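Read off the chains here:
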Amino acid sequence: MLIYKDLLSGDELLSDSYDINEVQDGFFFEVEGKWIEVGDVEVDIGGNPSAEGGDEEGVDASSRKVVDIIDAFRLAEGPSYSKKDFMGYVKPWLSKVLEKLPADKQDEFKTKSQPALKFLIGMIKELQFFTSENMDPDTTMVYAYYKEGSSNPTFLFPKYALQEEKC
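The residue numbering used here restarts from 1 in each chain and proceeds along that chain's sequence as written. Totals for whole chains, interfaces and linings use all residues, but because this is a predicted model, local features are given only for residues with pLDDT of at least 70 and pairs of side-chain atoms are given and counted only at 80 or more. Side-chain measures here rest on the full set of heavy atoms in the structure, leaving out hydrogens and waters.

A. The arrangement of the overall build of the chain in detail. Along the backbone of the chain there are three helices and 11 strands. The buried label applies to any residue whose accessible area, calculated with a 1.4 Å probe on protein chains only, is under 20% of its type's maximum; exposed applies above 50%, and partly exposed to all values in between. Counting the 167 residues in the chain, one finds 38% classified as buried. Residue pairs at least 24 apart in sequence account for 66% of intrachain contacts in the chain once pairs closer than 6 positions are excluded. We get accessible surface area from the Shrake-Rupley algorithm with a probe of 1.4 Å; when it comes to residues, only the shown protein chains can shield them. When the accessible surface of the chain is split by element, carbon and sulfur atoms take 47% of a total near 9,900 Å². Strands here mean DSSP runs of E at least two residues long; helices mean DSSP runs of H or I at least four residues long; both are numbered from the N terminus. In this description, contact between two residues means that some pair of their heavy atoms is separated by no more than 4.5 Å.

B. Structural detail: the pattern of salt bridges. Here a salt bridge means any side-chain nitrogen of Lys or Arg lying within 4 Å of a carboxyl oxygen belonging to Asp or Glu. Using the criterion set out here, one finds five salt bridges in the structure. A salt bridge links Glu22 to Lys159, with the shortest nitrogen-to-oxygen separation between them at 3.4 Å. Separated by 137 residues along the polypeptide, Glu22 in strand β3 (residues 21–23) and Lys159 in the loop between β10 (153–158) and β11 (162–166) bring together distant segments of the chain. Lys147 serves as the salt-bridge partner of Glu30, at 3.3 Å between the closest nitrogen and oxygen.

C. Quick look at the sheet that holds strand β2 (residues 12–15). By the convention used here, strands pair only if DSSP detects at least 2 bridges between them. One open sheet accounts for three strands, arranged β2-β1-β11; its pairing is antiparallel. Looking at the sheet topology across the chains shown, the edges are occupied by β2 and β11. Sheet twist, expressed as the mean angle between neighbouring strand axes with direction ignored, is 30°. Pairing of strand β1 (residues 2–6) with β11 involves five bridges; the strand directions are antiparallel. Bridged to Ile3 within β11 is Glu165. Orientation is described by lines fitted to C-alpha atoms, with helices fitted over the stretch in contact, and by angles between N-to-C directions that extend from 0 to 180 degrees.

And the structure:
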């Protein structure tokens, strides 16, 4: 199994257990999230509660619906960004990632980052912004949006800011 960690914080952001596609000329990994139910699960052990003097109601359900990727990697949703605020975040982020990349990937990163950022800015009002569990807004963000007609969110992970690690 492969785990993808944020190059800047070292936090886990994604794994290859999800169906990953490369988009925007390979700048982003795109993953569709799925709504799942987590929490208490009622288990039927075959007993008859009324005969045993037990509670006939069962478990007090405290389950909730979450998006699998958000739950699995403890992503924290941050505030929305205007174009101006987003550019204030992304310019220093680009420099930090560029410093951490091997020399042979730096030119490719510079070339592919501009169209990818234009893509994000073009849909800035539709995006949700997530940070890793450390909630540091200066590290790599994950972006989510809903494709037309979909009830599941689609996540964009900046590929160059991810470090692949085998487990």
